[in-house]
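Each chain, written out:
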Amino acid sequence: MPVKDKKSGNKSFNPKRSVQRAKATRKAKSQKWTIKVSDNSYDWSSRMERVSLIREGLPYESIEFVSDKSNLSIKQVLHFLDLPQTTYNKGKRDKNLLSGRDSEIILVLTELLEFGLNVFNSEKEKFQRWLQKPNISLGGATPISLFDSLTGIQEVRNTLNRLEYGNLA
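Keep in mind it's a predicted model, so treat the numbers as computed, not measured. (Residues numbered from 1 in each chain as written. Predicted model: local features only at pLDDT ≥ 70, side-chain atom pairs only at ≥ 80, totals over all residues. Heavy atoms only, no water.)

*Asks:* Hey, could you go over the overall build of the protein for me, with residue numbers and the actual values?
*Replies:* Secondary structure summary: the protein contains eight helices and four strands in total. Per-residue burial over the protein gives 36% buried out of 169 residues. Of the contacts made within the protein by residues no fewer than 6 positions apart, 57% connect residues no fewer than 24 positions apart. A total of about 10400 Å² of accessible surface is found on the protein, and carbon and sulfur atoms cover 50% of it. (Helix = DSSP H or I, 4+ residues; strand = E, 2+ residues; numbered from the N terminus. Buried < 20%, exposed > 50% of the residue type's maximum accessible area, 1.4 Å probe, protein only. Contact = heavy atoms within 4.5 Å. Areas by Shrake-Rupley, 256 points an atom, 1.4 Å probe, with all protein chains shown as cover.)

*Asks:* How would you explain the packing of helix α6 (residues 100-119) against helix α7 (residues 124-132) if you had to name every residue and give the values?
*Replies:* The contact between α6 and α7 brings their axes to 9 Å, and the two run at 120°. One finds that α6 runs oblique with respect to α7. Judged by the twist between their axes, the crossing of α6 over α7 is right-handed. Counting all contacts with α6, which are made through Leu112, Leu113, Gly116 and Leu117, the residues of α7 involved are Lys124, Phe127 and Leu131. (Axes fitted to C-alpha atoms, helices over the stretch in contact; angles between N-to-C directions. Parallel < 35°, antiparallel > 145°, perpendicular 65-115°, else oblique. Left-handed = near helix turned anticlockwise from the far one by under 90°.)

*Asks:* So what about α7? Which residues, and what values?
*Replies:* Within α7 the residues assigned to the buried category are Phe127, Gln128, Trp130 and Leu131. One side of α7 holds all its buried residues, which, seen down the axis, span an arc of 155°. Residues of α7 that are buried sit in contact with α3 (62-70), α6 and α8 (150-164). (Arc of directions from axis to C-beta.)

*Asks:* Help me get a handle on the pairing of strand β3 (residues 33-37), residues and values and all.
*Replies:* Across the two faces of β3 the burial differs, with Trp33, Ile35 and Val37 buried and Thr34 and Lys36 not buried at all. Taken together, β3 and the strand that follows it, strand β4 (residues 40-44), pair antiparallel across an intervening segment of two residues. (Pairing = 2+ DSSP bridges.)

*Asks:* Explain the pattern of salt bridges to me, using residue names and the numbers behind them.
*Replies:* Summed over the entire model, instances satisfying the criterion amount to seven salt bridges. Notably, a salt bridge pairs Glu111 with Arg50, separated by 3.0 Å at the nearest N-O pair. One end of the pair, Glu111, is in helix α6; the other, Arg50, is in helix α2 (residues 47-56), with 61 residues separating them in the sequence. An identical accessibility class is assigned to Glu111 and Arg50; each is buried. Salt-bridge contacts for Glu114 lead to Lys69; the nearest nitrogen and oxygen are separated by 3.0 Å. Taken together, the residues Glu114 in helix α6 and Lys69 in helix α3 connect sequence positions 45 residues apart. For Lys69, a relative accessible area of 22% gives the class partly exposed. Via salt bridges that share partners, Lys90, Arg93 and Asp94 belong to a single interconnected network. (Salt bridge = Lys/Arg side-chain N within 4 Å of Asp/Glu carboxyl O.)

Take it as geometry only, folks, not as evidence of what the structure does.
Quick look at the structure:
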């Protein structure tokens, strides 16, 4: 049953529709993610394809892709990866590849950011505000503060899952 705003009479939230949308998203046959950097595109649609990309390594330019998608500065993304600015500058200039761990964090963050945008109905500003606010289900931490580990990223994803199905998060 939709919840109505008594002042304006408009529907503000329909939990049944939200749950149906979430189920339809889950049933989608193949989710595909892409990281586009200057002259290459890195695509994956399964965990095994992700493992393959992790083993190959992503270019340092992929840090810029995550920075743009999350509305974070490159310096903040480098902090999550525990990479010095000088290493990033040299790696980008020399067209080097990120380590497996750093590539994995970039890939998982890309998936999380795409999922978050879907949960927030492609409202980028709302999603980015949510990332910056302390969250009770994350122990009072901001979602963005947990981007420095795979476990933290998974906790943010779990919180987004709860939001998608209408649970408090």
